[in-house]
Amino acid sequence: METFFEQAPEINPNAIKITGMSCGYRVEEIQDELMQKIRWLDKLVDELAKGKSMNKILRK
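Let me sum up the structure you'll find in this document. Quantities reported herein were computed from a predicted structural model and do not represent experimental measurements. (Residues numbered from 1 in each chain as written. Predicted model: local features only at pLDDT ≥ 70, side-chain atom pairs only at ≥ 80, totals over all residues. Heavy atoms only, no water.)

Our next topic: the overall build of the chain. When helices and strands are counted, the chain shows three helices and two strands. Reading the chain from its N terminus to its C terminus gives the helix and strand order α-β-β-α-α. Taking 2.2 N^0.38 as the reference for a compact globule, 60 residues should give roughly 10 Å; the C-alpha atoms of the chain span a radius of gyration of 11 Å, in line with that estimate. Taken across its 60 residues, the chain has 30% of its residues classed as buried. At a minimum sequence separation of 6, the contacts of the chain that also span at least 24 residues come to 47%. Here the chain displays about 4,400 Å² of accessible surface, and carbon together with sulfur accounts for 52% of that area. Distance from the positive charge centre (10 side chains) to the negative charge centre (10 side chains) of the chain: 11 Å. (Helix = DSSP H or I, 4+ residues; strand = E, 2+ residues; numbered from the N terminus. Rg over C-alpha atoms; globule rule 2.2 N^0.38 Å. Buried < 20%, exposed > 50% of the residue type's maximum accessible area, 1.4 Å probe, protein only. Contact = heavy atoms within 4.5 Å. Areas by Shrake-Rupley, 256 points an atom, 1.4 Å probe, with all protein chains shown as cover. Lys, Arg positive; Asp, Glu negative; His and termini not counted. Charge placed at Lys NZ, Arg CZ, Asp CG, Glu CD.)

Structure (structure tokens):
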């Protein structure tokens, strides 16, 4: 996962607005930058699977 995020062109600036629980952790409270990015991605996939739009998840 570290390589994935290192090679990613850029993370959406609104990713920091992703909040809530993912795998029992509050994504906005995670201190480790890599783990927080992983949980953002996990949360994003979960919310998309539930039918939410990307704009709603990223609070645009």
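More follows now that the structure is in view.
This part is about the layout of surface pockets. Taken as a whole, the largest pocket spans an internal volume of roughly 230 Å³. Ile11, Asn12, Ala15, Leu41 and Leu44 are, among the 14 residues lining the largest pocket, the residues nearest its centre. Listed by contribution, the elements that provide at least two residues to the lining of the largest pocket are helix 1 (2-7) and helix 2 (33-49). It is helix 2 that contributes the most residues to the lining of the largest pocket, four residues altogether. Residue classes in the lining of the largest pocket are distributed as 11 nonpolar, one polar and two charged. (1 Å grid on protein atoms, 1.4 Å probe; cavity = no way out; pocket = protein on both sides within 12 Å on 5 of 7 lines; lining within 4 Å. Points joined across faces, edges and corners; volume = space filled by probe spheres on them. Nonpolar A, V, L, I, M, F, W, Y, C, P; charged D, E, K, R; others polar.)

Attention now goes to the pattern of salt bridges. One pass over the full model with this rule turns up five salt bridges. Lys37 is paired through a salt bridge with Glu33; the nearest N and O atoms lie 3.2 Å apart. Taken as a pair, Lys37 and Glu33 lie in helix 2 at a separation of four residues, close to a single helical turn. The structure contains a network of salt bridges with shared partners spanning Lys43, Glu47, Lys50 and Lys52. (Salt bridge = Lys/Arg side-chain N within 4 Å of Asp/Glu carboxyl O.)

Turning next to a nonpolar patch on the surface. Nonpolar side chains collect at one region of the surface, where Met1, Phe4, Leu41 and Val45 lie side by side and expose about 370 Å² of accessible area between them. Structurally, Leu41 can be placed in helix 2. Relative accessible area serves as the criterion here: at 30%, Leu41 is assigned to the partly exposed category. (Patch = residues over 30% accessible without salt bridge, like charges linked within 9 Å, V, L, I, M, F, W, Y side chains within 5 Å.)

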